[in-house]
Each structure stands twice: as structure tokens, then as C-alpha cells.
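Each chain is listed here by its residues.
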Amino acid sequence: MLRLPKGVPLFEKLDASKLQLDAIVLKLKNGCFTGYAAVSFAQANGILVFESGKLISTVFESGPGCRVSSFEALNALADQMAAGNPSILNVYRLSADLTMCIHALLQGEVRYQGQALGLIDIKTLLERVKTEQMNCCLRIYTDDRSSMIFYKAGEPLGFFHDGSDEIEASPGDSQQMTQDPGAKLDLYSTAGIDELMAHDLLEIVHIDSIWKAAVSRQQAKVAAG
């Protein structure tokens, strides 16, 4: 799972092995939370992205290339939590603008993915981001380094680099990476925050039912030996 900027911690490094997914989700919903919750297991990660208490994005990743989203992600995360597998919960508050960019990174429209940077005119691409007033995340990476730039309406909000937990104002070594012959580029864009707020997974799924079904499956598995 990609490392994400931490933002302001609401909960950090909580033992999640005894927690219930529905209780976590409803607490964040009722608190009109904006940001993301991450549940980390030994070999898997779940991310829940909220905007003003609305669940706008869910992703569950169990390995390289093994990623599901929305309803499937909630079911997969509920199954892992119901099994009581060792896990850690982190919840970080972000601005609405950065939350929108996190959504773009996790589930936005793919504009470029794994594109060799040497084949891209980066200056022209950035002009396009500005001209089209994109809300997007631009990720530049090599085998051992990565950097992300978040944009709102074509203007950079900040930079997030390996080794950092926070959004920074300077590009850091991202400019140096553009000179690396092995560097690659991803670009993910998304709708504006107003449009995202019109989407709430909790209006179409019953999180308590998802949790109860996961618990029942786990109980049946234990009973079957």
C-alpha cells in the first residue's frame, strides 16, 4: 500500500484486533470526520476515506496488484477484523482539499500509470494540469524512492516524499528523480470536492450488516474447525 501523509492524528497505533468495523465507521460518520482511517495487518491494509462524515472511498489491498474497492473492500476489511488478526488502527484528519487528492490517488481516473518519465514532456504535462484545472495526484518514483505532488484546480497544494510524514512546500528530491533514467510517473485525477461529497457509500450499504455477516462467517469457520 502506498504511504500516505499522516495529517493530524485522531487515533494512532491503536490495537484494532478487538475493534468492530461498524463502530469505527459510525464514530467517524457521526463526528463529521474529514481524512482517512487506515487498518494495517501483517499482509494487508484497508483505507477508509471520509469527507464531512461521508464515506467517499474505500480500498483494501492484500498484496501487489491485489486491490479491491467500495463494497468488496468493506467486506474484505470486515472479514480480516472479525478474525481478530493482529492489526493497527491509525486515523488522520486532513483538509478537504488533501482528502480529495488522497481519493484521487486511491481511486481516481488513471491518466498515466507506470509511464517512463523519459518519454513524457513533464513541462507540457504540468501545463495541462494547470490549464485543465485538474484535481489530481502526480506520483514520480524509482525502484527505491517516490514523491507525490497534490493539485487542486491545477495549482499545487504540496509535496509528499519518502521519509516524511507531512505535506511539504518544497519539491525536495522529486526534481532530481526526473533525471533518473529509470523514473516512472503515475497521474490520477478526480472530481472536485463538491461532487465527491454527493457520493456516500454509507447511503447504499449497511455497515452494521456487513460487520454482522463477517462475524457470522468467522464463527462458522471456527465451528467447522
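Structural notes, computed from the coordinates.

The rules we used
- Residues numbered from 1 in each chain as written.
- Predicted model: local features only at pLDDT ≥ 70, side-chain atom pairs only at ≥ 80, totals over all residues.
- Heavy atoms only, no water.
- Helix = DSSP H or I, 4+ residues; strand = E, 2+ residues; numbered from the N terminus.
- Rg over C-alpha atoms; globule rule 2.2 N^0.38 Å.
- Buried < 20%, exposed > 50% of the residue type's maximum accessible area, 1.4 Å probe, protein only.
- Contact = heavy atoms within 4.5 Å.
- Pairing = 2+ DSSP bridges.
- Salt bridge = Lys/Arg side-chain N within 4 Å of Asp/Glu carboxyl O.
- Core = buried A, V, L, I, M, F, W, Y, C linked by side-chain atoms within 4.5 Å.
- Phe/Tyr/Trp six-rings, centres within 6.5 Å; stacked < 30°, edge-to-face > 60°.
- Lys NZ or Arg CZ within 6 Å of the ring centre and 35° of its normal.
- Axes fitted to C-alpha atoms, helices over the stretch in contact; angles between N-to-C directions.
- Parallel < 35°, antiparallel > 145°, perpendicular 65-115°, else oblique.
- Left-handed = near helix turned anticlockwise from the far one by under 90°.
- Nonpolar A, V, L, I, M, F, W, Y, C, P; charged D, E, K, R; others polar.

Right, let's get into the overall build of the protein chain. When helices and strands are tallied, the protein chain shows seven helices and eleven strands. Since a compact globule built from 225 residues should have a radius of gyration of about 17 Å, the 18 Å found for the protein chain is in line with a globular shape. Dimensions of the protein chain along its principal axes, counting C-alpha atoms only, are 60 × 35 × 25 Å. For the protein chain, the residues scored as buried account for 45% of the 225 residues in total. Taking the intrachain contacts of the protein chain between residues at least 6 apart in sequence as the baseline, contacts between residues at least 24 apart amount to 66%.

Bridge count between strand β1 (residues 8–15) and strand β6 (residues 88–93): five bridges; the pairing is antiparallel. By the bridge assignment, Val-8 is partnered in β6 with Arg-93. In this structure, strand β2 (residues 35–40) lies alongside β6, joined through six bridges in antiparallel fashion. Note on β6: the bridge partner recorded for Tyr-36 is Tyr-92.

With that settled, consider the pattern of salt bridges. For the structure on display, the rule yields eleven salt bridges. Across the pair Lys-130 and Glu-155 runs a salt bridge whose closest N-O atoms are separated by 2.5 Å. Taken together, the residues span a long stretch of sequence, with Lys-130 in helix α4 (residues 122–131) and Glu-155 in strand β10 (residues 155–161) at a distance of 25 residues. What you see here is one network of salt bridges that share partners, running through Arg-3, Lys-6, Glu-12 and Asp-165.

Turning our eyes to something else, we now look at the nonpolar core. Of all hydrophobic cores here, the largest spans 29 residues; its most connected members are Leu-21, Leu-48 and Leu-77. Residue assignment for this core shows that the elements contributing at least two residues are α1 (21–30), β2, β3 (45–51), β4 (54–63), α2 (70–82), β6 and α7 (207–223). Considering each element in turn, this core owes the most residues, six residues, to α2. Counting residues in hydrophobic clusters, the runner-up holds 22 residues, among them Ile-47, Met-100, Cys-137 and Met-148.

Taken as a whole, this structure holds two aromatic pairs when the rule is applied. Taking 5.7 Å as the distance between ring centres and 55° as the angle between the ring planes, the aromatic pair formed by Tyr-36 and Tyr-92 counts as tilted. With Tyr-36 in strand β2 and Tyr-92 in strand β6, the pair connects residues that are 56 residues apart, well separated along the chain. Judged on exposure class, the residue Tyr-36 and its partner Tyr-92 are both buried. Directly above the ring of Tyr-141 sits Arg-139, whose terminal nitrogen or CZ lies 4.0 Å from the centroid.

With antiparallel pairing, the six strands of this open sheet are ordered in space as β1-β6-β2-β3-β4-β5. Edge positions in the sheet fall to β1 and β5 (66–69), since each of these pairs with one other strand and no more. Sheet twist, expressed as the mean angle between neighbouring strand axes with direction ignored, is 15°. Bridge analysis of β3 against β4 gives seven bridges, and the strand direction is antiparallel. Looking at β4, one finds that Leu-48 is bridged to Thr-58. Helix-sheet contacts for α2 involve β2, β3, β4 and β5, and the interaxial angle to β4 is about 60°. Sheet contacts for helix α3 (residues 96–107): β2, β3, β4 and β5; angle to β4, the most-contacted strand, approximately 40°.

Between α1 and α7, whose axes approach to 8 Å, the crossing angle comes to 165°. Comparing their axes, α7 and α1 come out roughly antiparallel. The handedness of the crossing between α1 and α7 is right-handed. Between α1 and α7, the residues in contact are Leu-21, Asp-22, Val-25 and Leu-26 and Ile-207, Asp-208 and Trp-211, respectively. Here the contact of α1 with α7 is composed, by residue class, of five nonpolar, no polar and two charged.

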